[in-house]
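Notes for the structure review
Next come the chains, spelled out residue by residue.
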Amino acid sequence: MAEKMKKISNHVINCNAGPARVPYDVLRKAQEELIYYENTGISVMEMSHRSPEFDNIIRTAEKLLREIMTIPDNYRVLFVHGGGTAQFASIPLNLCPEYKGCKVNYAITGTWSEKAAKEAEKYCHVCRVTPKLDKFTSIPDVDTWKIDPDGKYLFYTDNETIAGVEYQYQVKPFSDTMPVAIDMTSNFLSRPIDVSNYGVIIAGTQKNAGIAGLAIVIVRDDLLGKPMSICPTILDYTILNKMNSLYNTPPCYPIYMTRIYLQWIKDQGGLEVMGDRSDQRARLIYDTVDQSNGFYYNGVNPNCRSRMNAVFRIGGQKGDEQLEKQFIQECKERKIIGVKGHRLVGGIRVSMFNAMPVEDAKFISDFMIEFMELNRK
Ligand SMILES: *Cc1c(COP(=O)(O)O)cnc(C)c1O
């Protein structure tokens, strides 16, 4: 059974953008413990979130995360519900004490940062620091950002999963009183970062660090204690922190999956290795695009191409939809799945998160070359 599963899983190259591929070894470990967790005689799914066994699971997850990311002691780690979406809605509720009385800064580089700004607009005065872009293919230079100095924080989305745009540097805080808040949902744990640059880091786990249902919040402790009066308790970082993420029943099983995933990342060599692999995978795909004489077209400025989501058209800049359909179909025949572009941008999107081995990106790039040779006009 295990061998068969391994074969099938090796065979299918899952490029889904999220929920996304989980490393085989992580699934295997979960499978081994699915029915009886250690010597408890029950499954993690059946366990009280206040039991010593679950306490051990969540504490180990936190310890591993702290170790992998070298999280400084003055940061708290929260395991929360609602995915990335609940968390970008929670940031203004936690960092702005006055309902509709605070200013906040947002850099808009794609669909996700736009959504985050829209949430913040419900409670704050949002200053869009970047010029309005027709299409999301570049990141306006930070020096040109029009940041409101009275803003409570500066928010940006590190990797825009739909546009395929990713910062290749960490945006530094504008001032001591304006922390940087960041959505890392789609490139979490994909390279080393300096956590101390940020006031708040949020990330849903279903792309690079686990399964759907869980988000992780890493928040500097001096930012706690000043939530907006209307902040729902379940979104209140101060209370969640006080309750060690157990204010209500947390997403227990996703937390358990993330614990296994974090152990896997550590065993693989940590974030340096995740970063190297991300670079190698992305290089394989983008090199193929760049050497295709326009057969494949990626319109993103090369200085901010996403290492996680390579988005491109086939048959020229506008894309030949027939050819793209054929590409998706032929991918399927080779058991490469999930490469259809997001409906907002069309074309092809190859998502390559932590769980994808470099060989799989090589397999995809080899297929891209073959497909080009057969279909070039
Ligand atoms: C997927 C994604 C989200 C949304 O995550 P949910 O868990 O579905 O809420 C938010 N931000 C980014 C950058 C994403 O890629």
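What you see is a predicted model, and the numbers here were worked out from it, not measured in a lab. Residues take numbers from 1 onward in each chain, read along the sequence in its written order. Note on the predicted model: pLDDT of at least 70 is required for a residue's local features to be given, and 80 or more for side-chain atom pairs to be given and counted; whole-chain, interface and lining totals, by contrast, use all residues. Hydrogen atoms and water are omitted, and side-chain values are computed over all heavy atoms in the structure.

Time to look at the environment of Thr137. With respect to the helices and strands, Thr137 occurs in the loop between β4 (125–128) and β5 (154–157). A relative accessible area of 22% places Thr137 in the partly exposed class. On a C-alpha basis, the gap between Thr137 and Gly164 in space is 8.0 Å, while along the polypeptide they are 27 residues apart. Apart from residues lying up to four places away in sequence, Thr137 is in contact with Val165, Gly299, Val300, Asn301 and Cys304. Numbering of helices and strands runs from the N terminus, with a helix taken as a DSSP run of H or I at least four residues long and a strand as a DSSP run of E at least two residues long. For the exposure calls, accessible area comes from a 1.4 Å probe over protein chains only, and a residue counts as buried if that area is under 20% of its type's maximum, exposed if over 50%, partly exposed in between. Contact between two residues is taken to exist if any of their heavy atoms lie within 4.5 Å; hydrogens are not considered.

On to the sheet that holds strand β2 (residues 75–80), then. Here, any two strands with at least 2 DSSP bridges between them count as paired. If you walk across this open sheet you meet the 7 strands as β2-β10-β9-β8-β5-β3-β4, and the pairing is mixed. The sheet is open, and its two borders are formed by β2 and β4, each paired with just one other strand. Each adjacent strand pair in this sheet contributes to an overall mean axis angle of 20°, direction not counted. Both strand β3 (residues 103–106) and β4 contribute to a ladder of 4 bridges, which runs parallel. The partner of Asn105 across the bridge, within β4, is Cys127. To get an axis, fit a line to the C-alpha atoms, keeping to the stretch in contact for a helix; angles then go from 0 to 180 degrees between the N-to-C directions. Against the sheet, helix α3 (residues 52–69) contacts β2 and β10 (215–220), and its axis sits at roughly 130° relative to β2.

Take the domain arrangement of the protein next. When the parts come together, some accessible area is lost, and that loss is often what is quoted as the size of the interface. Throughout, the edges of the domains are those of an automatic or database domain assignment. Domains assigned within the protein are domain 1 (27–268) and domain 2 (270–375). Between the C-alpha centres of domain 1 and domain 2 the distance comes to 28 Å. Each side of the interface is counted separately: domain 1 has 28 residues, and domain 2 has 26 residues. Interface area for domain 1 against domain 2, summed over the two sides, is near 2200 Å², with a carbon-plus-sulfur share of 55%. The rule for a salt bridge is simple: a side-chain nitrogen of Lys or Arg has to be within 4 Å of a carboxyl oxygen of Asp or Glu. Summed over the shared surface of domain 1 and domain 2, the result is 1 salt bridge. The buried area of a pairing is the accessible area, by a 1.4 Å probe, that goes missing from both parts when the two are put together, added over both.

UniProt positions are given in the numbering used here, feature names are shortened, and annotations may be inferred rather than shown by experiment. Mapped onto the present numbering, the UniProt feature "domain: Aminotransferase class V" (unreviewed entry) falls at residues 14–361. Counting secondary structure, residues 14–361 comes out at 32% helix and 15% strand; the distance between its end C-alpha atoms is 11 Å.

Let us look at unusual backbone geometry. Trans is the prevailing form of peptide bonds, just as negative phi is the prevailing case for residues other than glycine. Across the junction of Gly18 and Pro19, the peptide omega takes the value 0°, indicating a cis bond. By secondary structure assignment, the location of Pro19 is in the loop between β1 (13–14) and α2 (24–32). The backbone of Lys100 sits at a positive phi, close to 60°, despite the residue not being glycine. Examined against the element boundaries, Lys100 turns out to sit in the loop between α4 (83–95) and β3.

What follows covers the site of the ligand. It suffices for a single heavy atom of a residue to lie within 4 Å of a molecule or strand for the residue to be listed as near it. Around the ligand, the surrounding shell holds 13 residues, and the nearest of these are Thr85, Thr161, Asp183, Gln206 and Lys207. For the purposes of these results, a polar contact is taken to be a pair of N or O atoms within 3.5 Å, where, inside protein, one atom must be able to donate a hydrogen and its partner to accept one; residues adjacent in sequence count only when each atom of the pair is a side-chain atom. At a separation of 2.8 Å, an oxygen atom of the ligand approaches a polar side-chain atom of Gln206. For the ligand, an oxygen atom lies 2.6 Å from a polar atom in the side chain of Lys207. Accessible areas in this description were obtained via Shrake-Rupley with a 1.4 Å probe; residue shielding takes into account the shown protein chains only. Taken by itself the ligand offers 380 Å² of open surface, and the protein chains cover 87% of this. In terms of residue count, the dominant contributor to the shell around the ligand is α4 (4 residues). Think of it as three bins: nonpolar holds Ala, Val, Leu, Ile, Met, Phe, Trp, Tyr, Cys and Pro, charged holds Asp, Glu, Lys and Arg, and polar takes everything else, Gly as well. Its residues placed into classes, the shell around the ligand shows 2 nonpolar, 9 polar and 2 charged.

With that settled, the discussion passes to the nonpolar core. Residues enter a nonpolar core if they are buried and are Ala, Val, Leu, Ile, Met, Phe, Trp, Tyr or Cys, with the set joined through side-chain atoms within 4.5 Å. The biggest cluster of nonpolar side chains holds 61 residues, and the ones touching the most others in it are Leu65, Met69, Phe188, Leu189 and Ile218. Looking at this core element by element, the count peaks at 10 residues for helix α7 (residues 252–268). Structurally, this core is a two-domain feature, drawing no fewer than three residues from each of domain 1 (27–268) and domain 2 (270–375). Other than its neighbours up to four places away in sequence, Phe188 contacts Leu65, Met69, Ile201, Ala203, Asn208, Ala209, Ile216, Ile218 and Asn354.

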